[in-house]
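Each chain is listed here by its residues.
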Amino acid sequence: MKKLCILLFGFVLMAHVTLPSSITAASSPPGKKIALSKQLEAISKQTYRYFEDFTDEDTGLTYDAVRLNNGEVAAQKHTSPTNIGMYLMSTISAEEMGLITKEEAINKITTTVHTLEEMKTWNGLYYNWYYTDDGSLMTDWGQFISTVDNGWLSAGLIVTGQAYPELYPRVNKIVKAMDYSTLYDPEVGQMRGGFDVETGSHTAHHYGAFYTEPRLASYIAIGKGDVPKEHWWKMYRTMPESWDWQSQTPEGYTEIYDGVEVFEGHYTYKGTEFVPSWGGSMFEALMPSLVLKEKELGKDALGLNNQRHTDIQIEYAEDQGYAAWGMSPSATPEGYSEFGATPLGMEGYKSDGTVTPHATFLALEYAPMEAFENIQTLRSFDAYGKYGFLDSVNVETGEVTNAYLALDQGMTMVSIVNYLQDGVIRDYFHQGKIGKSPEDLLIKEEFSIE
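Bear in mind the structure is a predicted one, so any value in this text is a computation, not a measurement. (Residues numbered from 1 in each chain as written. Predicted model: local features only at pLDDT ≥ 70, side-chain atom pairs only at ≥ 80, totals over all residues. Heavy atoms only, no water.)

Colleague: I'd like a rundown of the nonpolar core, residues and numbers included.
Modeller: Counting 133 residues, the largest nonpolar core has W232, V291, I425 and F429 as its most contacted members. What I425 contacts, discounting residues up to four positions off in sequence, is M89, I92, S93, V159, L290, V291, V414, V417 and N418. (Core = buried A, V, L, I, M, F, W, Y, C linked by side-chain atoms within 4.5 Å. Buried < 20%, exposed > 50% of the residue type's maximum accessible area, 1.4 Å probe, protein only. Contact = heavy atoms within 4.5 Å.)

Take a look at the structure:
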């Protein structure tokens, strides 16, 4: 308890907030819950500073990342559809948290929406990279249209339209124009990874694995009516048993939903059954639940599986002897890399001791007390700075990555407000027709993991 109080005291000094003595002295779960809430409020304030300091005032576009080199800030002044969507939802979150006023939030978002209306698109869909100073297309890195990235921009716009009805006509017009049918392969029943405008060709691969972050784009495409409902059932819960390259031979059975046969397969980790993601990372598992009511509506499928992935991430880190948990793609001192709890993946990402704080925040609603303790541990690695938690730390070597990513800052912001305010961002998303109409897909399915 003494150690806990010292950690809390150190946090309070840095975050410039004062906790009642009853909180710092609390040892009961309710006391820890209150202390966690106070911490999250302070963390959200630091985290949103990133969007305040690194969003172009003229365009409303947020820098993709910043790196800190010996006190010097190196900003990457380009952005993606995902970054834009996360900025929109982070700004709404900041207003919900009382960090900015509603007028300030609307003004900031209006600037971004105006830029989006002027940016170059393909069939209403946005390219992968734009310059933040003027919204022009960044052609140096190609002219790719990403399915998953557009999904996150759509999500941010949908949430915006429900949070601020005065903006609804403008954002709805953008979303309506985003034609996901151009990325859908009706012969396979799956979304393509994307489209290369320069070469005029779709990617050879499809988003076939269901339990990965592109499932949000699929949900939105169905909600818009751009693709048929059967698409949801054409994705693989596990790959077929005969595909022996996958990390485990799945067990399960076949069910029929909306006339489509679905193999409800699962893997097992130390006796616990789960539906795998591709790489075993936290954001594949939990990022879609920032806006989808998986926990509430998918109690026998996605919601239950989210809990299993959280539990196994924690257990796997303990089994590896790591001091903290939370494996997910993140910045590294050398660049960016993919990390996961390897057994959770069909083709699992590596695990070398690198953990990223955004994974802890994604798991808040599934393991709040474990998240409380993990936050303290991550702080002990000196991984907290002016803009909240730095992007990753290797808990084996102690090396901290001195970088902040807009994506990861956004996941942190939205996770915090959802936890503290009963899923407010999800509520906004599901209020509109696009978010509400496919809800039966979440409700009716039962995974083979109970």
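Back to the write-up after that little detour.
Colleague: Provide a residue-level description of the sheet that holds strand 13 (residues 260–269), including the pertinent values.
Modeller: Strand order in the open sheet made by the three strands is 12-13-14, with antiparallel pairing throughout. Edge positions in the sheet fall to strand 12 (251–257) and strand 14 (272–274), since each of these pairs with one other strand and no more. Each neighbouring strand pair of the sheet contributes to a mean axis angle of 30°, computed without reference to strand direction. Here strand 13 runs beside strand 14; their pairing, made up of three bridges, is antiparallel. Across the sheet, residue T268 finds its bridge partner in strand 14, namely E273. Across the face of the sheet, helix 12 (residues 302–320) comes into contact with strand 13 and strand 14 while running at roughly 125° to strand 14. (Pairing = 2+ DSSP bridges. Helix = DSSP H or I, 4+ residues; strand = E, 2+ residues; numbered from the N terminus. Axes fitted to C-alpha atoms, helices over the stretch in contact; angles between N-to-C directions.)

Colleague: Let's hear about the layout of surface pockets: which residues, and what values?
Modeller: Which parts of space are left empty comes out when a probe the size of a water molecule is rolled across the atoms. Within this model, the largest pocket holds a volume of roughly 1000 Å³. If you trace the largest pocket, you find 38 residues lining it, with V148, D149, E213, F283 and Y336 closest to the centre. For the lining of the largest pocket, the secondary-structure elements that each account for two or more residues are strand 1 (65–69), helix 4 (81–96), helix 6 (147–163), helix 10 (282–286), strand 16 (335–337) and strand 22 (403–405). When grouped by side-chain class, the residues that make up the lining of the largest pocket number 20 nonpolar, 12 polar and six charged. Volume-wise, the second largest pocket comes out at about 290 Å³. Taken together, 16 residues make up the lining of the second largest pocket; nearest its centre are Y168, N172, V175, K433 and I434. At the level of elements, helix 6, helix 7 (168–177), helix 8 (215–224) and helix 17 (433–436) are the ones that each hand at least two residues to the lining of the second largest pocket. Ranked by residue count, the leading element in the lining of the second largest pocket is helix 7, at five residues. (1 Å grid on protein atoms, 1.4 Å probe; cavity = no way out; pocket = protein on both sides within 12 Å on 5 of 7 lines; lining within 4 Å. Points joined across faces, edges and corners; volume = space filled by probe spheres on them. Nonpolar A, V, L, I, M, F, W, Y, C, P; charged D, E, K, R; others polar.)

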